[in-house]
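Breakdown of the fold
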Amino acid sequence: MTTLRRMSEEEFLNYNDFSITAYAKEKVAAGNWAEDEALEKARTTHAELLPDGRDTENHFLYTILSEKGENAGSLWICKQSSDKAFIYDIRISDEHQGQGHGKNAMRLAEEEARKIGVQKIGLHVFGHNTVARKLYESLSYKTTNVKMEKDLHPGNDEEKPKRTLD
C-alpha cells in the first residue's frame, strides 16, 4: 500500500536538487528553454515558488512510500486559492515504477487536497509524457488547455507541398 509522509528537511534538500535538474531537462525536451539557460531558469522558478523551502505557506511536499516503507517518490501540492490546488510535481523513482505507486499517490493527493479544503485539483503534464497523460486520464482528469507548436527548420516537414507554375 502506498502512503504519503511530509518530507523531512533532508528529503526536501535531496528532492529540490533532483527536481530542479529534472524540471530543466523537461523544459528543454519540450522545446521551452535552451539547454544552456535551463538549469538557472529552473533554480529561479523553484526559489520563487518555494522561498521558505518545505515550510513555504500553502505548499505541501510529501515523500511517497512503498508498502515496505521505502522512498518511492515525491509529491508537491500547492493550495492556489480557496477552492483549487495544483500538483506541481509527482515523481515515482525508476525502481518503483510500474507498481501502482503513481496511481495510488494521485488518489492520496486528491485526499490531501480535500483536507486543505479545495474542490478542484489541477496539474500540468508535458505533451511528450504520454505515460503520465494516460495515468491522469484514467483518473478522470480532463484536458483544459492544449498548446502546440511546430519546428519550421528545413527538413522538419514530413510532406512538402508540390509547387507548380501555371
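Let us look at the structure shown here. (Residues numbered from 1 in each chain as written. Predicted model: local features only at pLDDT ≥ 70, side-chain atom pairs only at ≥ 80, totals over all residues. Heavy atoms only, no water.)

**Comments concerning a negative patch on the surface**
Together, E67, E70, D94 and E95 line one region of the surface with negative charge. Checked against the element boundaries, E70 lands in the loop between strand 2 (59–65) and strand 3 (71–79). By relative accessible area, which is 38% here, E70 ends up partly exposed. (Patch = residues over 30% accessible without salt bridge, like charges linked within 9 Å, V, L, I, M, F, W, Y side chains within 5 Å. Areas by Shrake-Rupley, 256 points an atom, 1.4 Å probe, with all protein chains shown as cover. Salt bridge = Lys/Arg side-chain N within 4 Å of Asp/Glu carboxyl O. Lys, Arg positive; Asp, Glu negative; His and termini not counted. Charge placed at Lys NZ, Arg CZ, Asp CG, Glu CD. Helix = DSSP H or I, 4+ residues; strand = E, 2+ residues; numbered from the N terminus. Buried < 20%, exposed > 50% of the residue type's maximum accessible area, 1.4 Å probe, protein only.)

**Some points on the sheet that holds strand 1 (residues 3–6)**
Reading across from one edge, 1-2-3-4-5 is the order of the five strands in this open sheet, with mixed pairing throughout. Of all strands in the sheet, those with a lone pairing partner are strand 1 and strand 5 (120–123), marking the two edges. Each neighbouring strand pair of the sheet contributes to a mean axis angle of 30 degrees, computed without reference to strand direction. Alignment of strand 2 against strand 3, held across seven bridges, turns out to be antiparallel. Considered in strand 3, the bridge of H59 is made with C78. Of the strands in this sheet, strand 1, strand 2, strand 3, strand 4 (84–92) and strand 5 are in contact with helix 3 (residues 101–115), which crosses strand 4 at around 155 degrees. (Pairing = 2+ DSSP bridges. Axes fitted to C-alpha atoms, helices over the stretch in contact; angles between N-to-C directions. Contact = heavy atoms within 4.5 Å.)

**Concerning the pattern of salt bridges**
Per the counting criterion, the structure on display carries six salt bridges. Note that E37 and K41 form a salt bridge whose closest N and O atoms lie 3.4 Å from each other. Here the residue E37 and the residue K41 both occupy positions in helix 2 (residues 35–49), the gap between them amounting to four residues, near one helical turn. Across the pair E112 and K115 runs a salt bridge, and its minimum N-O distance is 3.2 Å. In this pair, E112 and K115 are both assigned in helix 3, three residues apart and thus about one turn of the helix distant. Given a relative accessible area of 17%, E112 falls into the buried group.

**Side note on the side chain of N16**
Note on placement: N16 falls in helix 1 (residues 9–29). Here N16 falls in the buried class, since its relative accessible area comes to 17%. Not counting residues up to four positions away in its chain, the partners in contact with N16 are H46 and L50.

**Digging into the packing of aromatic side chains**
Applying the stated rule across the entire model yields four aromatic pairs. Pairing Y23 with W33 gives two aromatic rings, centres 5.5 Å apart and planes at 85 degrees, and the pair type is edge-to-face. Here Y23, found in helix 1, pairs with W33, found in the loop between helix 1 and helix 2; they are ten residues apart in sequence, far enough to count as distant. In this structure an aromatic cluster arises from ring pairing among W76, F86 and Y88. The residue whose ring lies beneath K27 is W33, and the NZ or CZ to ring-centre distance is 5.1 Å. (Phe/Tyr/Trp six-rings, centres within 6.5 Å; stacked < 30°, edge-to-face > 60°. Lys NZ or Arg CZ within 6 Å of the ring centre and 35° of its normal.)

**Some details on the pairing of strand 4**
Direction of pairing for strand 3 relative to strand 4: antiparallel, over a ladder of seven bridges. Its bridge partner being in strand 4, G73 is matched across the sheet by I92. Linking two consecutive strands that pair antiparallel, namely strand 3 and strand 4, is a turn of four residues. Summarising the sheet, strand 4 and strand 5 pair through four bridges and their orientation is parallel. Across the sheet, I87 pairs through a bridge with L123, a residue of strand 5.

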